[in-house]
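# Structural overview
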Amino acid sequence: MAPEILLPKLSVDRLRDFENRMNFPGEIFMFRRPNSPVFVCAAKVRSAFDRWVGGTHSDWIACNDNPHGWKSADEAIEKAVHKALDMRKKNLCHGLPFGGVKFTIFSEVPLIGAHRVHAYKLLGEALNFFKGSVYTGADVHTDNDDLMLTFGVSEYVLGIETKYSGSGDPSPQTAIGVHKAIQEFFNIFHSDSKMHGKRINIKGIGKVGWPLLKFLYDDGFNIGVADIRQKVVEEARDRFRGVERLSEDAIHAKYAHVYAPCDKDITITPDNVSEICDSSADHKWRAVIGSANDQNRHGMELEDALWKRRVVHLSQGGYLENGGGVITVVAPLVGGKNWDLWRDGKINNLVLEAKMVMHEAKETSIAPARITNAMIDRLARKTGNEL
């Protein structure tokens, strides 16, 4: 008898209280088994499209050994809601025919060993619940090994190896899009000087931050880095001569022409908006361009404040500049036989959109993130995806 047959029955609950409390334009589900310390949450935004795409963020409850973990089960659910809405915008921004969805995995115990296996198989069951209309891929604390556990239960997994008809790791393509957007920033706002020798600070040297570091180092930028994993910082300094180690808590405020957040922290807050890139140091243009998703959770007023301080920020949730990842993972679904060429074309369009937004911001003195949001609103009306 298969071990799964002996498992308690899967419980699926619609979280209508959360939908109402958060005024969420869609559905929120919780998947778990009785007496299990693990649950999967799925937040799915209402859409005119018949398929949804979004990543999976997993973690366990914060403790001494995991100080950056979930503060509560509610936080995991709220994260799914916020990120699903961002995925809606990201998919619209890049002309992808998918609604926005987000999965979060919450655990009361460390997600290691049997608990991790259970969590990602549970994710597969959650995917199957939607009968082929919902797909997920990697995100914070979810990697290819995790996704292969899910793939053993469900076929609706994105970003796995090409031998399983997936796209492979999308992180390098995300880095390419961010890198090209940074280059365009310098072309538009520092057209009278060379990029070589300019300063860029990168927070988070992970799957995207590392290739981005290499691209920027090869361009000749002076680079500062920060990461909670000191070993990774030292590896970066050993490999890339001259890279400076910076404090994780203060890197956003250090002098730089570009601050590139590539971690999971919220980047811009009311408390630090006046510090970003140390823009008081001179009157030159700065930018925040990175792969992080949670860049600004506090509204367009902060975008206006950044712009007033001559800091360019392309999109509130990073969904314009970091779209290379989702473009890559959906390419095998919609790009046809030559999906890699389709992917490359879409990433080139990402760069053109970033360039257009920066030019319009410079000409109209409107914050770039406002221009990006207006573009997304137009695309939502065009495709019947207004909320």
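Our structure is the block above this text.
Now for a look at the structure at hand. Please read these numbers as outputs of a predicted model, since none were measured by experiment. (Residues numbered from 1 in each chain as written. Predicted model: local features only at pLDDT ≥ 70, side-chain atom pairs only at ≥ 80, totals over all residues. Heavy atoms only, no water.)

## Let's talk about the sheet that holds strand β7 (residues 199-203)
- Spatially, six strands are ordered β9-β8-β7-β10-β11-β12 in an open sheet, and the strand pairing comes out parallel. Only two strands of the sheet have a single partner each, and these edge strands are β9 (244-245) and β12 (311-313).
- Here strand β10 (residues 258-261) pairs with strand β11 (residues 286-288) via two bridges, running parallel. Considered in β11, the bridge of Val258 is made with Ala287. (Pairing = 2+ DSSP bridges. Helix = DSSP H or I, 4+ residues; strand = E, 2+ residues; numbered from the N terminus.)

## Side note on the packing of helix α8 (residues 300-308) against helix α11 (residues 368-383)
- One can describe the packing of α8 onto α11 by two numbers: an axis separation of 8 Å at closest approach and a directional angle of 135°. Considering the angle they form, α8 stands oblique to α11. Of the residues in α11, those in contact with Met300, Glu301, Glu303, Asp304 and Trp307 of α8 are Pro368, Ala369, Arg370 and Asn373.
- Of the residues that constitute the contact of α8 with α11, the class distribution is four nonpolar, one polar and four charged. (Axes fitted to C-alpha atoms, helices over the stretch in contact; angles between N-to-C directions. Parallel < 35°, antiparallel > 145°, perpendicular 65-115°, else oblique. Contact = heavy atoms within 4.5 Å. Nonpolar A, V, L, I, M, F, W, Y, C, P; charged D, E, K, R; others polar.)

## Examining the nonpolar core
- The biggest cluster of nonpolar side chains holds 46 residues, and the ones touching the most others in it are Ile182, Phe185, Ile202, Leu213, Ile289, Val312 and Leu314.
- The biggest single contributor to this core is helix α5 (residues 171-189), with eight residues.
- Excluding residues that lie within four positions of it along the chain, Leu314 makes contacts with Ala181, Val288, Ile289, Leu320, Glu321, Ala354, Val357, Met358, Pro368, Ala369 and Thr372.
- Grouped together as the second largest cluster of nonpolar side chains are 22 residues, Ala119, Tyr120, Phe130 and Val157 included. (Core = buried A, V, L, I, M, F, W, Y, C linked by side-chain atoms within 4.5 Å. Buried < 20%, exposed > 50% of the residue type's maximum accessible area, 1.4 Å probe, protein only.)

## Observations concerning the sheet that holds strand β1 (residues 11-14)
- An order of β1-β2-β3-β5-β4-β6 is seen for the six strands of this open sheet, with the pairing classed as mixed. The sheet is open, and its two edges are formed by β1 and β6 (134-138), each paired on a single side. When strand polarity is set aside, the average angle formed by the axes of neighbouring strands in this sheet is 25°.
- Direction of pairing for strand β4 (residues 52-60) relative to strand β5 (residues 99-107): parallel, over a ladder of seven bridges. If you follow Ser58 over to β5, its bridge partner there is Ile105.

## Re unusual backbone geometry
- Positive phi is not limited to glycine here, since Asn35 has a value of about 70°.
- Topologically, Asn35 is positioned in the loop between β2 (26-32) and β3 (38-45).
- In this model, Cys277 sits at a positive phi of 60°, which is unusual for a non-glycine residue.

## A look at the pattern of salt bridges
- All told, the structure shown has 22 salt bridges when counted by the stated rule.
- Between Arg33 and Glu125 there is a salt bridge, with the nearest N and O atoms lying 2.5 Å from each other. Of this pair, Arg33 sits in the loop between β2 and β3 while Glu125 sits in helix α3 (residues 113-129), and the two are 92 residues apart along the sequence.
- A salt bridge links Glu234 to Arg237; the nearest nitrogen and oxygen atoms lie 3.7 Å apart. Taken together, the residues span about one helical turn, with Glu234 and Arg237 both in helix α7 (residues 230-239) at a distance of three residues.
- With relative accessibility at 28%, the residue Glu234 sits in the partly exposed group.
- Each of Arg14, Glu19, Glu27 and Lys44 takes part in one network of salt bridges that share partners. (Salt bridge = Lys/Arg side-chain N within 4 Å of Asp/Glu carboxyl O.)

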